Amino acid sequence: MPTPDINKTFERVSAAAVREAGQYQPAILADVAGRRGALHGRIQALRPHMRFAGTAFTVEVRPGDNLMIHAALALAQPGDVLVIDGKADQTCALMGTIMMNVARERKLAAVVMDAAARDSLDIEEMDFPVFSVGTNPNGPTKQVGGRIGHPVSVGGVTVHPGDFICGDADGVVVVEREKIESLLPLAAHKVKSEAKRIEEIKKGNVDAPWLQAALVTAGVLKQGETL
């Protein structure tokens with residue numbers, strides 16, 4: 001039996017895990033996840049102060065058409081993040097003020113789309129987190145089918161429905177639903193380690209303790225040589 005285009009039922013990251021993971025910068029989570037899961041840098045916050053954390057509600061559309069995004073807005077749950085595979089198209093905007101107001105009223109956490117947005121000044125006033133491939137004033141069509149609740153490719157990263165996703169001024173990071181809780185202790189440890197290292201630097205200890213060995217391993221220096 002063929003898989004339906006609209007999948008309404010999938011397991012989500014727990015609200016508790018979202019709250020805890022949302023304390024950490026995307027950069028921290030990307031590092032402890034093996035330096036992976038970061039979307040391509042073309043997908044950026046409309047305004048640098050925007051940040052979010054939530055569960056991925058995936059949508060795939062044809063370039064320039066937002067029919068399935070309207071359907072997704074009717075189905076997404078509070079705390080979800082619309083994650084839209086718009087094929088990196090910048091010839092028109094897939095969402096603007098009206099749809100973002102709907103998303104906010106439905107208590108979604110954010111919108112992330114591999115496509116353009118519009119009405120950026122209005123969205124800034126709303127203070128609703130939107131991450132997109134820039135802006136374009138041209139509007140979309142509403143004619144072509146797509147898929148909801150299926151794995152998508154956004155910014156070069158595979159995103160499954162229910163995955164953890166977060167973003168800030170650096171960009172967006174996705175972590176698999178099954179993996180996020182196991183990374184939380186590692187994230188906490190990394191934050192403490194980085195804070196300790198910064199304090200050491202402020203006290204004048206600016207030398208990287210690992211650099212010498214790394215240069216020898218890379219063949220830049222011979223054993224026993226120093227910078």
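Residues numbered from 1 in each chain as written. Predicted model: local features only at pLDDT ≥ 70, side-chain atom pairs only at ≥ 80, totals over all residues. Heavy atoms only, no water.

Q: Quick question: what am I supposed to make of the side chain of asparagine 136 here?
A: Inspection of the secondary structure assignment puts asparagine 136 in the loop between β5 (130-132) and β6 (147-148). Engagement of the side chain of asparagine 136 in a polar contact is seen with the backbone nitrogen of asparagine 138, the distance being 2.8 Å. Setting aside chain neighbours within four positions, we find asparagine 136 in contact with Gln90, Thr91, Cys92, Ala93, Ala116, Ala117 and Arg118. (Helix = DSSP H or I, 4+ residues; strand = E, 2+ residues; numbered from the N terminus. Polar contact = N/O pair within 3.5 Å; in protein donor to acceptor, adjacent residues only side chain to side chain. Contact = heavy atoms within 4.5 Å.)

Q: In this structure, what is going on with the nonpolar core? I would like to understand it.
A: Core analysis: the largest hydrophobic core is formed by 47 residues, its most contacted members being Val59, Leu82, Ile84 and Met95. Setting aside residues no more than four positions away along its own chain, methionine 95 makes contact with Ile69, Leu82, Ile84, Met100, Val111, Met113, Ala116, Ala117 and Arg118. With 18 residues, the next largest nonpolar core counts Val18, Ala21, Phe164 and Leu184 among its residues. (Core = buried A, V, L, I, M, F, W, Y, C linked by side-chain atoms within 4.5 Å. Buried < 20%, exposed > 50% of the residue type's maximum accessible area, 1.4 Å probe, protein only.)

Q: For this particular structure, what's the right way to read the packing of helix α3 (residues 67-75) against helix α4 (residues 97-105)?
A: Between two packed helices, the angle of one axis relative to the other and the distance separating the axes together describe the packing. Packing of α3 against α4 brings their axes to within 9 Å, and their N-to-C directions diverge by 20°. As judged from the angle between their axes, α3 and α4 are roughly parallel. Every pair of crossing elements has a handedness; the one defined by α3 and α4 is left-handed. Along its contact with α3, which presents Ile69, His70 and Leu73, the element α4 presents Met99, Val102 and Ala103. Tallied by class, the residues present in the contact of α3 with α4 amount to five nonpolar, one polar and no charged. (Axes fitted to C-alpha atoms, helices over the stretch in contact; angles between N-to-C directions. Parallel < 35°, antiparallel > 145°, perpendicular 65-115°, else oblique. Left-handed = near helix turned anticlockwise from the far one by under 90°. Nonpolar A, V, L, I, M, F, W, Y, C, P; charged D, E, K, R; others polar.)

Q: Would you take a moment to explain the packing of aromatic side chains for this structure?
A: Note on aromatic pairs: each is described by the distance of the centres and the angle between the planes. In this structure the tally under the stated criterion is two aromatic pairs. Consider the rings of phenylalanine 10 and phenylalanine 57, whose centres lie 5.8 Å apart with planes at 55°: the pair is tilted. One end of the pair, phenylalanine 10, is in the segment before α1 (15-21); the other, phenylalanine 57, is in strand β2 (residues 52-60), with 47 residues separating them in the sequence. Here phenylalanine 10 matches phenylalanine 57 in class, with each residue buried. Judged by centre distance (5.1 Å) and plane angle (75°), the ring pair of phenylalanine 52 and phenylalanine 131 falls under edge-to-face. Residue phenylalanine 52 is located in strand β2, and its partner phenylalanine 131 is located in strand β5; the two are separated by 79 residues in the primary sequence. (Phe/Tyr/Trp six-rings, centres within 6.5 Å; stacked < 30°, edge-to-face > 60°.)

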